[in-house]
Every structure is written in C-alpha cells, then in structure tokens.
Amino acid sequence: MAKPKLIAGNWKMNGSKADIDTWAAHIFAGEAGATAKKLLPGVSDSENKAEILLCPPAILLDHTGKALKTTGVKWGGQDCHAEASGAHTGDISTGMLKEMGCTYAIVGHSERRQNHGETSENVANKARAVHAAGLVAIICVGETDDERTSGKAEDIVTGQLKNSIPDTATPENTVVAYEPVWAIGTGKVASAEDIAQMHGIIRDSVTKQVGDGVRLLYGGSVKVANAPEILHTPNVDGVLVGGASLKAEEFQAIALAAQKGAKAV
Ligand code: 13P
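Residues numbered from 1 in each chain as written. Predicted model: local features only at pLDDT ≥ 70, side-chain atom pairs only at ≥ 80, totals over all residues. Heavy atoms only, no water.

**Student:** Please set out the overall build of the protein residue by residue, giving values where relevant.
**Tutor:** Scanning the protein for helices and strands turns up eleven helices and eight strands. Going through the 265 residues of the protein one by one, you find that 53% of them count as buried. The contacts of the protein with a sequence gap of at least 6 include a subset with a gap of at least 24, amounting to 72%. By element, 53% of the accessible surface of the protein is carried by carbon and sulfur atoms, the whole surface being about 11400 Å². (Helix = DSSP H or I, 4+ residues; strand = E, 2+ residues; numbered from the N terminus. Buried < 20%, exposed > 50% of the residue type's maximum accessible area, 1.4 Å probe, protein only. Contact = heavy atoms within 4.5 Å. Areas by Shrake-Rupley, 256 points an atom, 1.4 Å probe, with all protein chains shown as cover.)

Next comes the structure, spelled out in structure tokens:
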C-alpha cells in the first residue's frame, strides 16, 4: 500500500515551550476541540495523504507531546545515542525518546556529522538503536558545496547510504533524507533537475540495500514557494524542513501542498 508523504519539521536548537504552544495553537486555530484534521486535512483521516512530524529540541519533547497528542501530528527526536543507557553525559537514548511518545528520530544530520564529527558508522549504529526501540529512523545524507563542484556528489551520497543504513533497516522503519549541505539554511535550493537526478540515484541504492518503499525526503531551504514543485519531483516522498518549520503558517502551507499531491512510494 502506498505510504503518505512525510512532511517533517526540524527545529534544530530553536524554540521554547511558548513557541510550541503558539505553533500548536495556530495549527488548531486556537479552537477548543479542533483537531489537526481541520486545518491539516488528511492528517488523521483514512485518506491520510500526508503524515506530519515535528522534531523539536529534546528538552521540549514532553511539552510537545502534551500539545500535539490527539491531533494526528507526530513528534520525534533530532538525534540519539547508539547505546540504550550508560555513562554518556548529555546524550539521549532511543528508549527515552520512546517514553516521550516519539515515533521517529533523525540521525546523521549534516550538522551532527560536521559539528560533532559523526561518521557514517556512528550513524548506522544510531539508526540500529532507533530500530531496536521500534521507532522510525530518518537517516540524513548529503554532499558539501566542494564535493558537488568537484563532481563527487554522487559518490559521497552513495557512500554515506552504504555505510549509514544498518542491516536492521526495512521500508517501514527507515526514511532517507537527502539534504545537500550547501542548501541548508542558505536559501539556495537544489533545482528540480538536481533533486530528481540525486533522488533517482538514492532510490536505486536504497532499493538494493533495503527494498522497495523507503520514503525519500528532500531537505534544504524548503519554503512554501518551492515546496509544491519539490513535492512533485520524481522520487520525492516528502520534505525535511528547517527554518520554515518554525513558522506555523509556513509549515502548514507546506503540509497542505503535500496533501494536494500524489501519494509517496
Ligand atoms: P533549512 O530548511 O533551514 O535549510 O534546514 C534544512 C534542514 O537541515 C532540515 O533538517
């Protein structure tokens, strides 16, 4: 059965409890008893044309869960540790994410790879832990500007896929996000042709590794203005939105664009 498109917001290290409340109130128009179904039609109905996910900072997950429960909007972590527990000061386990009601966890975001020296092997171990906890891993890959201009983008991305996706991956517990590093937070969006080309390559690689039906997201300066075109690009099954997800109106408009589109894989 075809899966719904996935529209995921990554708040990174932004936001507060009050921001979560403002975001949720906008999504529900502040109406008592209103649900996400009203303003994000399709979120929780049987048509289920798009799945909506919010990944706030871990410290806001409890509050987010309270604000979003019963709405059909899901919430998830931005990272996790590969081990279930232990002496890892400042880290968060997948069991802790699960206890907060998360159903997804992002792993291998380029900001983790760059700022925390995470390798694809680390990412695979984290993804394995996500799977072991019964959550869905959103595994991020993407080349830098230098790698693209020197013609290495395809090799970098296929290498990251090969080494970041663990053998526990299935089409149900794994989503892959292609986020070219040069497009993140820069306002530079990959062209529809570039996205189609790279997503075609990713599809072939992921199908060989995991099988059919893994959703592939695009991320990098996604906004209302470019989301409809991106969401209609072949092999794009959703988007991972950074800056624009902080604004409820903007995120909602992107989600609505997805609901007007075709189903994912
Ligand atoms: P921006 O949408 O701010 O470019 O961020 C993309 C991203 O990194 C999402 O994970």
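**Student:** Before we move on, could you go through the site of the ligand and cite the residues and values that matter?
**Tutor:** In the vicinity of the ligand, the contacting residues are Asn10, Lys12, His109, Glu179, Ala183, Ile184, Gly185, Gly220, Ser221, Leu240, Gly242 and Gly243. Asn10 places a side-chain nitrogen or oxygen 3.0 Å from an oxygen atom of the ligand. The backbone of Gly185 places a nitrogen or oxygen atom 2.6 Å from an oxygen atom of the ligand. If you map the ligand onto the pockets, it falls in the second largest pocket. When the residues that make up the shell around the ligand are grouped by side-chain class, the tally is three nonpolar, seven polar and two charged. (Near = heavy atom within 4 Å. Polar contact = N/O pair within 3.5 Å; in protein donor to acceptor, adjacent residues only side chain to side chain. 1 Å grid on protein atoms, 1.4 Å probe; cavity = no way out; pocket = protein on both sides within 12 Å on 5 of 7 lines; lining within 4 Å. Sits in = over half its atoms within 2 Å of the grid points. Nonpolar A, V, L, I, M, F, W, Y, C, P; charged D, E, K, R; others polar.)

**Student:** With reference to specific residues and values, describe the nonpolar core.
**Tutor:** Side chains of a nonpolar character, in soluble globular proteins, are inclined to be buried together. Core analysis: the biggest nonpolar cluster contains 60 residues, and Ile7, Trp23, Val176, Ile202 and Tyr218 have the highest contact counts within it. In terms of residues, this core owes the most to one element, helix α11 (residues 248–259), which gives six residues. Contacts of Ile202, omitting those with residues within four sequence positions, involve Val141, Val157, Leu161, Val176, Tyr178 and Leu216. Counting 13 residues, the second largest nonpolar core, distinct from the first, contains Tyr104, Ile106, Leu217 and Leu240. (Core = buried A, V, L, I, M, F, W, Y, C linked by side-chain atoms within 4.5 Å.)

**Student:** Please provide a residue-by-residue account of the pattern of salt bridges, values included.
**Tutor:** Summed over the entire model, instances satisfying the criterion amount to 13 salt bridges. Across the pair Lys126 and Glu118 runs a salt bridge, and its minimum N-O distance is 2.7 Å. Residue Lys126 shares its accessibility class with Glu118, and that shared class is buried. Each of Asp79, Arg112, Glu118 and Lys126 takes part in a single network of salt bridges with overlapping partners. (Salt bridge = Lys/Arg side-chain N within 4 Å of Asp/Glu carboxyl O.)

**Student:** Explain the packing of helix α1 (residues 17–27) against helix α3 (residues 61–68) to me, and be specific about the residues and the numbers.
**Tutor:** α3 packs onto α1 with a crossing angle of 20° between their chain directions and a minimal axis gap of 10 Å. Judged by the inter-axis angle, α1 sits roughly parallel to α3. In this structure, the crossing between α1 and α3 has a hand that is right-handed. Residue-level contacts link Lys17, Ile20, Asp21, Trp23 and Ala24 of α1 to His63, Thr64, Ala67 and Leu68 of α3. Tallied by class, the residues present in the contact of α1 with α3 amount to five nonpolar, two polar and two charged. (Axes fitted to C-alpha atoms, helices over the stretch in contact; angles between N-to-C directions. Parallel < 35°, antiparallel > 145°, perpendicular 65-115°, else oblique. Left-handed = near helix turned anticlockwise from the far one by under 90°.)

**Student:** Would you mind going over helix α8 (residues 153–164) in detail, with residue names and values included?
**Tutor:** In this model α8 runs 16 Å from its N-terminal to its C-terminal C-alpha over twelve residues, within 8% of the 16 Å that 1.5 Å per residue would give. Listing the buried residues of α8 in full gives Ala153, Val157, Gln160, Leu161 and Ser164. Here the buried residues of α8 occupy an arc of 100° about the axis, which is enough to place them on one side. Exposed side chains of α8 directed beyond 90 degrees from the buried face belong to Asp155 and Lys162. On the buried face of α8, the contacting elements are α5 (110–115), α6 (120–132), β5 (136–141), α7 (145–149), β6 (174–178) and α9 (192–209). (Expected span 1.5 Å × (residues − 1). Arc of directions from axis to C-beta.)

**Student:** I'd love a proper account of the pairing of strand β2 (residues 50–55), names of residues and values included.
**Tutor:** β2 sits mainly inside the fold: six of its six residues count as buried. Neither face of β2 is left uncovered, since the one carrying Ala50, Ile52 and Leu54 and the one carrying Glu51, Leu53 and Cys55 both have all their residues buried. Pairing of strand β1 (residues 5–10) with β2 involves six bridges; the strand directions are parallel. Directly across from Gly9, in β2, lies its bridge partner Leu54. Judged from the two bridges that link them, β2 and strand β3 (residues 74–77) form a sheet pairing that is parallel. Counterpart to Leu54 in the pairing with β3 is Trp75. Between the parallel pair β2 and β3, the chain is carried across by α3, and the sense of this crossover is right-handed. (Pairing = 2+ DSSP bridges. Right-handed = clockwise from strand over helix to strand, strands pointing away.)

**Student:** Which residues make up the packing of aromatic side chains, and what values do they have?
**Tutor:** Evaluated as defined, the whole model comprises three aromatic pairs. For the ring pair Trp23 and Phe251, a centre distance of 5.5 Å and an interplane angle of 40° mean the geometry is tilted. Residue Trp23 is located in helix α1, and its partner Phe251 is located in helix α11; the two are separated by 228 residues in the primary sequence. For the pair Trp23 and Phe251, one class covers both residues: buried. Taken together, Trp11, Trp23 and Phe251 form an aromatic cluster joined through their ring pairs. (Phe/Tyr/Trp six-rings, centres within 6.5 Å; stacked < 30°, edge-to-face > 60°.)

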